[in-house]
Structure formats: structure tokens, C-alpha cells
Amino acid sequence: MSAPAEPFIAHETAADLPDVRRARALWRNPGVVFGVAVLLIILLLAIGAAYLANVDPILLRPRFRLRAPSAIAWLGTDQFGRDVYSRVLFGARVSLFIGFAVATIAVVAGLIIGLVAGYLRLLDAILMRVMDGVMAIPNILLAIAMVTLSGAGILTVIVAIAIPEIPRVARLVRSVVLSVREEPYVEAAIGVGTPVPLIMWRHILPNTIAPLIVQGTYTCAAAILTEAILSFLGAGIPTEIPSWGNIMAEGRQSFQIAPWVILFPGFCVALTVLAVNVLGDGLRDMLDPRIARGMDNLR
Amino acid sequence: MSEAPALDIQGLSIALPRSAERGFAVENLSLQVRPQEIVCIVGESGSGKSVTALSIMGLLPRALKATHGAIDVGGENVLTASRARLRELRGNRIAMIFQEPMTALNPVLSVGNQIDEALQWHAANGARAAPRKRVLDLMESVGLPDPEQLTRSYPHQLSGGQRQRVMIAMALANEPALIIADEPTTALDVTTQARILRLLRKIQRTHRSGILFITHDFGVVAEIADRVVVMRHGRVVEQGSVDEVLRNPQNTYTKMLLEAVPSAKPRPARLLPKAEAPILTTQDLQKTFSDAFFLRAGRKVRALDDVSIDVHRGETFGIVGESGSGKSTLARCIARLIDPSGGEIRLDGEEIGNKTQAALRPFRRRVQIVFQDPYRSLNPRRTIGQSITEGPRNYGTDKGAAWARAGALLDLVGIEARALGRYPHEFSGGQRQRIAIARALAMEPDVLIADEAVSALDVSVQAQVLDLMERLRDEFGLTTLLITHDLRVAARLCDTIAVMLNGRIVEHGPAQKVFLKPEHNYTQALLAAAPKMRHLERAATEPSLRAKRSNPETNIGY
């Protein structure tokens, strides 16, 4: 005998599942729309740099040194007569690649370390003390030291920038794991004999995604800035590969007579970092359960 | 009574945002609270009782708007008052006591300072004669021991009951016309609840304040109310004196609510085959929590102190105790979610207390646990079908069979089987708790542990889930370990009861005996403190509830 089945109360239709609803709400957030739009444009410019640039970015033209922006050189030329417009387009490739690569490395490494530290308490103290140690080293100093030791190059720069970001991600993930592992649904999963790797994958990992997206965007923005700073200091990407940072570094000496060499790449760095940050803020607002669930609490 | 009421709400309607499933949080509500009167608003979750309280304080969330009516406090309409005026009114004329005193008090200020602050902000300027004396008087009047010493204490150093007394002292600081108490005893243990209710009644005699008391518990209503307002879905369904409403309810919803309240009468003893060896035993089980680290010796807390129980097949074994008694620790040790520090746990004679996690695997499926919070015990990102089949799939049941069985189980707990593909947020709290029970049953356990499984539910839903548990027990002969703080719930289901205090079992025996002839004085105190519904079971010709209440000055001490 069983009780008469009562119809369950469907408050919402299937299309109103929390994840779908949140995804829709994302596009109503102006920060997200602005950030995605700007980044898409810059990404397209970077991908199409070979077609959009009218001159080879490393072609030296001594007769065209320090020309102001004009119909021939849209954003002017630098002290070697190289076309700033072309260099900025190609520079976008390097900057975006570094931002994306650093964010990916930091997030993946931090996620693994954070999950392990949060769930396996034996390793927690050891791993987190190592992370604290890494955090104690100033980013720029570490990067300069690494570049000095192993020579300038995109890979070195990426690794040098990514390492100090790992502990931030690891701490974030660990804190999420520590709170989620106390949730009754995780205990229930232990109770029904779910193996530890599956518990991590099914029940814990999904909770880290929202904060990770947000942290990832900040890491990406920070990496673009750090690369610019390193290149500006001469410890970054070698000058034959144009990046926003070393374009500005080289324009430094002639800033008073040819400000455009610094202004345009500077503007691109500022705009990209702003877009990534605004996108991160927007994602945080939409994914923060306190804000996203605000309405549910009123019921 | 020709006195002006302390609170006069006329035709109040509060609109909900468009997206909500009903138009109004509160609809056409009218009620009065006179000075020295305690009016109880009773209702289940979603009835609009808390929204009403917030609107009186002028603290409605932005999304909610009062669209009609007036809230008159001492001759002034709160709804039209300016923000500055509202701030003056709060604390001066209206004060509020919240459910959770720990979060309502500032953790970094001493309680003396906080009471003093309530005085400073709201007393008329210049009239602050001897504030310190006033603070001490207030603390004395709410029955806080050694006020002189306690003024320097911080909230975390006080017990839950003492914190609630501090809240009450702050509420009384400026002799407000109206005190709103929003579930002020729900988070407290029964014995503490009884003392706080007695305190509120005493205050009602000596102060002029009217009290609007919000609760979901008819036991509390019977103890404290002068008048009762029953709310459902934002509307008043019945309103009247406590005697009228509780003894002779007119509305069917009120009748249903009153019937759903479990009485503290133990169930008649069942015939159980006791000859067999117990299925679950613990022998001198111990659990010590310590904050020791490396070589440093830490503080030790004995959460379980030599606990020995025998649970027989088919029996419902109740473990009753107040917060901190160790009852949940016991449940979690038996389910092996935490490791015991000493003693034995035997399941069907096999020792499982010190097995490693790997060795525990075959045993896990035989003991299942249902948790207290129905909102957190199901993973919000997984469909309920995935949650129910997770366990059987771990033990090798093939997918089709596991899902078919999950459907059958849903049907068994009274939810349509086609809901398997739905997510937890689409279900009410009671439904989720049934889903959690279905998940436990999917493992075909020998022992089901219900750790406060009905405590978070509304009383009518609670009755349904208890009915379900009773039915499952009778049909499948399920052995149940029922952990609860609520004696009424234990009385409803249990064959055997163990009463826990400070990690020890102080009394233990058949439910009939423990309820009717309690031996330990703590058990007696617990029974005395449980909100009484028994008044109601007597004839309506007897003296009124108010007259029957015990003298507030007496102590129950144990």
C-alpha cells in the first residue's frame, strides 16, 4: 500500500532551472555585455592581425622615424620607423595569449592543489604552508629573477607570472571545499558509499566553478598588466616580438616628442584590463548566491 | 478596555513582486494589540507572519511594498513615517526580539554596552539619569544572574537563554509600547524556552508594553497567548481569544493545524519479537573532541561518555536530548561519518566502530541516515533521480534497475514517479525530506537513522512525514533510530527512549515508562518544560488557559 501520490508543486518550468536562469540573467548585466563585447573585438583584431596590419610590424624604416598618426601610418611610427598600428595589432596577440595562458595555468594548478588540500586533511598543512611561502615572494621580483636565470621568452614570462597566482586560486578553492564538504548532501554521498574521487567530481567541484570563473578573469587582467610591466622594465618579452608592454617600453625615451607610441598600446592595455575586470565583476554579481538567490529568500 | 491599542493594523496588504506565485505576502490584515496583552500570530512558513512583523518595524525588503491599509503604533502611522522618524520609533516605541540571539547581538561589544547603547540612542536627551544603574536594573529584571559581572561579558560567553534575556532587556530599555517577538524561543532548548516564556509573561504583568508574538508552535501559543491570530497564505483565517481558538476552533485549517500537533502521550506499546539478539549495539561508546595540535595539549570535550544502547530489529529507538547533549554525535558515530574515540559499535554482532573507510564499504549500505535540513541534504545541481540512484549505482546495480526502483520508491513516499528528472528546488521542504527518505531506502538499509529529520518542517508537514515513517516501519519492519529534541515527536513514534544529557544516557527504557514514570530529575524537567497541549484535551468547561498557567515566579530547576 502506498499513499496517494500527491502532485509535486512545480514552481518553475524546466527552462527556469537555476543554471539556465542565471545564464539568461548574465546577458542582462551591462558589465558582462561590455566586457564580452570589448574582448571579442580585441580578440578578432588579434586573430586577424596578419590581414588587418598594412605593414610588417618589425620592418625598420629609418626615414619614417617618429611620424605622427596620418593616412599612411594610422597610429604613427616609433623611433625606428616601425608602424605603431601594426605593432599594436600583433602585440594584442601576445598580451591576450599571456593573459589567457596564465589564467589557465593558475586556475588548473590552483584547483588541483586546493581540492587536494581541502579534502585530504593530511596534506592540507604541508600544501598550504608551501602556498604561503610562494605568496610571500613579490610577483615582479620572482618574474625578474626567473627571466634573468632562464632568459627572456614568452614561455618563461608566462610561467613566471603564473606561479605567484597559483596560491590565490588554491586558497579560494580550498575554502570552498572546506565549506562544501560539511554540507549534508556530501555526508549523504559518503553514507551511500560514493568513492572519494566521485564525491569530489560530482558534489564538490561544481561549487568551485563560479568563484573560479571570477578569479580567472582577475588573474587574466593581472597577467596582462604584469607582462606590460615586465616588458616595460626590460625583463619581459624580447623586443623583436611586439607586445603592448615592450612597445611602450621602447616609446619611453621619445614620449615628449612622440606620445602616440605609448598612448595607443597604453590605451589598449587599459581597455582590455578594464573589460576583463568589469566582466569579472559582472560574473561575480550574477554568480554570488547571496545576490542571485535574493529573490528566493523572499518566498 | 477603552485604552488606545499599542498596535492597530487596519486592512494591511503587502504586494509581492510580479514573479512570485501569489500576489500578496499579506492581504487585508487587521489586528490590534492592547497594552499588557500578548497576541500570538500563528502560521506555517509562507503564511506572511514574519513579513507582518517587518512591516511594523518599517524594515520591509525593497522588493515588498505595503499597498493598502495603515499600521498605527501609539497614534502614528508607521507606513507613512519618514526614515528619521522610523528610526526614533524603533526602540522607543517598538522593539523587536529576534529568533537567533547570537546573530542579533554584536559579537564585539560587551552586553552591558549593548544595553546601554539601546538606552543612549533612544532615551530623550538629558533624561539619562544614572544609565549604569538602569542597565543593571534591566538585567536584573530579565533574570540575568550577577548583572554586575555580566555587563562585561561578550555574547559568545553567554548561553542561548541568557543571550535571549539580553535581547529582551534591550527591547525593554525604553519601555516601548509594543514589543515584537519573532519566534524568540524557536532556537532554544525546551527547558530554556519554558523559562523565557515565563519571563515574558512576568514582563507583561509589570510593564505596560503589548507583545506581538510570532510563532509556528501551538504549544507555545497555549502557554503564552491572550489572543491568537491564525494566518495562512497571507490572510487571517481565524482570530480570537486563546480559549476560543484552541478549544473551539471554527476554521478547518486551524483544526487541521491543532490536530497535527503531536501530543506528548506515548504510543501504546507494540509487540516486538525481542528474543533475537539486538541488531545494533554500542558498548561504552566514546567520542572526544579536542583542539590539541601537534605537541600542544588542547581542551577536550567529551561529546559521548560511555554510551551503551541495544536496538532490536523492528524497534523505533528514540534518543532525546537538548542541544549539546551528544545525540547527533552518537548518530554520526553509528553512521561512521565520524570516528568514535573509544568503545564498540556492533551491527548484527560485527564490530564496525574501528573499521577503515575501505573495510566499511559493505557495511555502509546497511545503515542510512536522514538529515535535519531538507534544503541542504540534496545536491541542488543533481536531479532527485540522480540523488536516489547514486547509492545503488555505487554498489553495482545497473542503471535501468536503479532508476526503476527509484521511481517505485518515490511512489512509496507519496511523490509522483515522473518527478525523478526534477531538481530539489522544485520541491517543498516536506517533499525534499521524503526524497531523502527514499534515497535512504534505496540502499535497503537494516537501520535508518533520522537525525532531527522532522525538526525543520512545519507542523502539518511534520505530521505527514511522521505518518510516512510510521507506515514504512509497519510495512517493512524497519529499525529506526530517531534522534530528536522534541519529546512530542519521540512520543509519537518510539518504542524505546534514551534521554541524553552531557554525552551520557541518564534514563533509558520503554517509552511508556519514560514518559509516565520518569525517574531521573532531568527527564522530569524536560517533560515539565515541553509546551503543553494537554490543557486542550480537557473539557471546555474547565477554567480558562490563562487562569491555569503556573505562577511565573516558580522555578523548575533540576
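Residues numbered from 1 in each chain as written. Chains lettered and ligands numbered in written order. Predicted model: local features only at pLDDT ≥ 70, side-chain atom pairs only at ≥ 80, totals over all residues.

K.L.:
Summarise the overall build of chain A; cite the residues concerned and give the values.
P.N.:
On a plain count of helices and strands, chain A comes out with 13 helices and 0 strands. Sequence-ordered secondary structure for chain A, helices as α and strands as β, is α-α-α-α-α-α-α-α-α-α-α-α-α. A separation of at least 24 residues holds for 69% of the contacts in chain A among residues at least 6 apart in sequence. (Helix = DSSP H or I, 4+ residues; strand = E, 2+ residues; numbered from the N terminus. Contact = placed C-beta atoms within 7 Å.)

K.L.:
Account for the sheet that holds strand β1 (residues 7-15) of chain B, naming residues and giving values.
P.N.:
Residues and elements named next belong to chain B. Spatially, β2-β1-β4-β5 is the arrangement adopted by the 4 strands of the open sheet, whose pairing is antiparallel. Taken across any chain shown, the strands that pair with only one partner, and hence form the sheet edges, are β2 (24-33) and β5 (76-77). Taken together, the 6 bridges between β1 and β2 define a ladder with antiparallel strand orientation. When the sheet's bridge partners are listed, leucine 12 is paired in β2 with leucine 29. (Pairing = 2+ DSSP bridges.)

K.L.:
How would you summarise the sheet that holds strand β19 (residues 496-501) of chain B if you had to cite specific residues and measurements?
P.N.:
Residue and element names in this part refer to chain B. Taken in spatial order, the 6 strands line up as β16-β17-β18-β13-β19-β20 in an open sheet, and their pairing is mixed. A strand with exactly one partner marks an edge of an open sheet, and here the two such strands are β16 (367-370) and β20 (504-510). Strand-to-strand twist in this sheet, taken as the mean axis angle between neighbours without regard to direction, amounts to 15°. Two strands pair when backbone bridges link them, and β16 and strand β17 (residues 447-451) are joined in this way by 4 bridges, in the parallel orientation. Note on β17: the bridge partner recorded for valine 367 is valine 447. Against the sheet, helix α12 (residues 327-334) makes contact with β13 (316-321), β16, β17, β18 (479-484) and β19, and its axis sits at roughly 150° relative to β18, the strand it touches most. (Axes fitted to C-alpha atoms, helices over the stretch in contact; angles between N-to-C directions.)

K.L.:
Provide a residue-level description of the pairing of strand β14 (residues 342-347) of chain B, including the pertinent values.
P.N.:
Residues and elements named next belong to chain B. Pairing analysis gives 5 bridges linking strand β11 (residues 280-290) to β14, with the strands arranged antiparallel. Each bridged residue has a counterpart across the sheet, and for leucine 280 the counterpart in β14 is leucine 347. Relative to strand β15 (residues 350-351), β14 runs antiparallel, the two sharing 2 bridges. Paired with leucine 347 across the strands is glutamate 350, a residue of β15. Following β14, the chain reverses through 2 residues before pairing antiparallel with β15; aspartate 348 in that reversal takes a positive phi of roughly 50°.

K.L.:
I'd love a proper account of the confidence of the model for chain B, names of residues and values included.
P.N.:
All names here are of chain B. Per-residue confidence for chain B averages 84 on the pLDDT scale, and 90% of its residues sit at or above 70. Residue range residues 537-541 is modelled with pLDDT below 50. Its contacts to residues more than four positions away, or to other chains, number 2 contacts. Predicted confidence is poor over residues 550-558, with pLDDT under 50, and the contacts of this stretch with residues over four places away or in other chains come to 10 contacts. The complex prediction reports pTM at 0.78, with the ipTM value standing at 0.76. (pLDDT = per-residue confidence, 0-100.)

K.L.:
Could you give an account of the packing of helix α5 (residues 121-135) of chain A against helix α7 (residues 154-180) of chain A, naming the residues involved and the relevant values?
P.N.:
Residues and elements named next belong to chain A. Viewed as axis vectors pointing N to C, α5 and α7 meet at an angle of 140°, and their least axial separation amounts to 8 Å. It follows from the interaxial angle that α5 and α7 lie oblique. The crossing of α5 and α7 is left-handed. For the pair formed by α5 and α7, the contact residues are Met128, Met131, Val134 and Met135 on the first element and Ile163, Pro164, Ile166, Pro167, Ala170, Arg171 and Arg174 on the second. Considering only residue class, the contact of α5 with α7 consists of 9 nonpolar, no polar and 2 charged. (Parallel < 35°, antiparallel > 145°, perpendicular 65-115°, else oblique. Left-handed = near helix turned anticlockwise from the far one by under 90°. Nonpolar A, V, L, I, M, F, W, Y, C, P; charged D, E, K, R; others polar.)

K.L.:
Describe in detail unusual backbone geometry, supporting the description with residues and values.
P.N.:
Residue and element names in this part refer to chain B. In this structure, glutamate 175 takes a positive phi of about 50° despite not being glycine. A positive phi is found at glutamate 452, a non-glycine position, where the angle reads about 50°. Along the chain, glutamate 452 turns up in the loop between β17 and α17 (459-476).

K.L.:
Can you explain the packing of helix α9 (residues 196-233) of chain A against helix α10 (residues 244-251) of chain A? Please cite residues and give values.
P.N.:
Packed helix pairs are specified by the crossing angle of their axes together with the interaxial distance, meaning the distance between the axes. Residue and element names in this part refer to chain A. One can describe the packing of α9 onto α10 by two numbers: an axis separation of 7 Å at closest approach and a directional angle of 35°. Relative to α10, α9 is oriented so that their crossing is right-handed. Counting all contacts with α9, which are made through Glu227, Ala228, Ile229, Leu230, Ser231 and Phe232, the residues of α10 involved are Trp244, Gly245, Asn246, Met248 and Ala249. For the contact of α9 with α10, the residue count by class is 7 nonpolar, 3 polar and 1 charged.

K.L.:
Account for the domain arrangement of chain B, naming residues and giving values.
P.N.:
Residues and elements named next belong to chain B. Domain assignment breaks chain B into domain 1 (1-82 + 179-184 + 213-261 + 534-552) and domain 2 (280-532). Between the C-alpha centres of domain 1 and domain 2 the distance comes to 35 Å. Listed per partner, the contact involves 14 residues of domain 1 and 6 residues of domain 2. For the side of domain 1 that touches domain 2, the secondary structure elements donating two or more residues are α9 (218-224) and α11 (252-260). No other element matches α9, which puts 4 residues into the side of domain 1 that touches domain 2. Residues that form the side of domain 1 that touches domain 2 fall into these classes: 6 nonpolar, 4 polar and 4 charged. (Domains from an automatic or database assignment.)

K.L.:
Break down helix α15 (residues 399-412) of chain B for me, citing the residues and quoting the values.
P.N.:
Residues and elements named next belong to chain B. Between the first and last C-alpha of α15 there are 20 Å, a value that for 14 residues agrees with the 20 Å anticipated at 1.5 Å per step. By the burial criterion, the buried members of α15 are Ala402, Ala406, Gly407, Leu409, Leu410 and Leu412. Residues of α15 that are buried sit in contact with α14 (384-394) and α16 (429-441). (Expected span 1.5 Å × (residues − 1). Buried ≥ 20, exposed ≤ 12 C-beta atoms within 10 Å, placed from the backbone.)

K.L.:
Break down the environment of leucine 360 of chain B for me, citing the residues and quoting the values.
P.N.:
All names here are of chain B. Among the structural elements, leucine 360 can be located in helix α13 (residues 357-364). For the pair leucine 360 and arginine 336, spaced 24 residues apart in the sequence, the C-alpha separation amounts to 8.5 Å. Beyond its immediate sequence surroundings of up to four residues, leucine 360 is in contact with Arg336, Ile352 and Lys355.

K.L.:
Could you give an account of the environment of valine 180 of chain A, with specific residues and numbers?
P.N.:
Residue and element names in this part refer to chain A. Tracing the chain through its elements places valine 180 in helix α7. Valine 180 sits 62 residues away from glycine 118 along the chain, and the two C-alpha atoms are 9.8 Å apart. With near-sequence residues (within four places) excluded, valine 180 lies in contact with Val186, Ile204 and Asn207.

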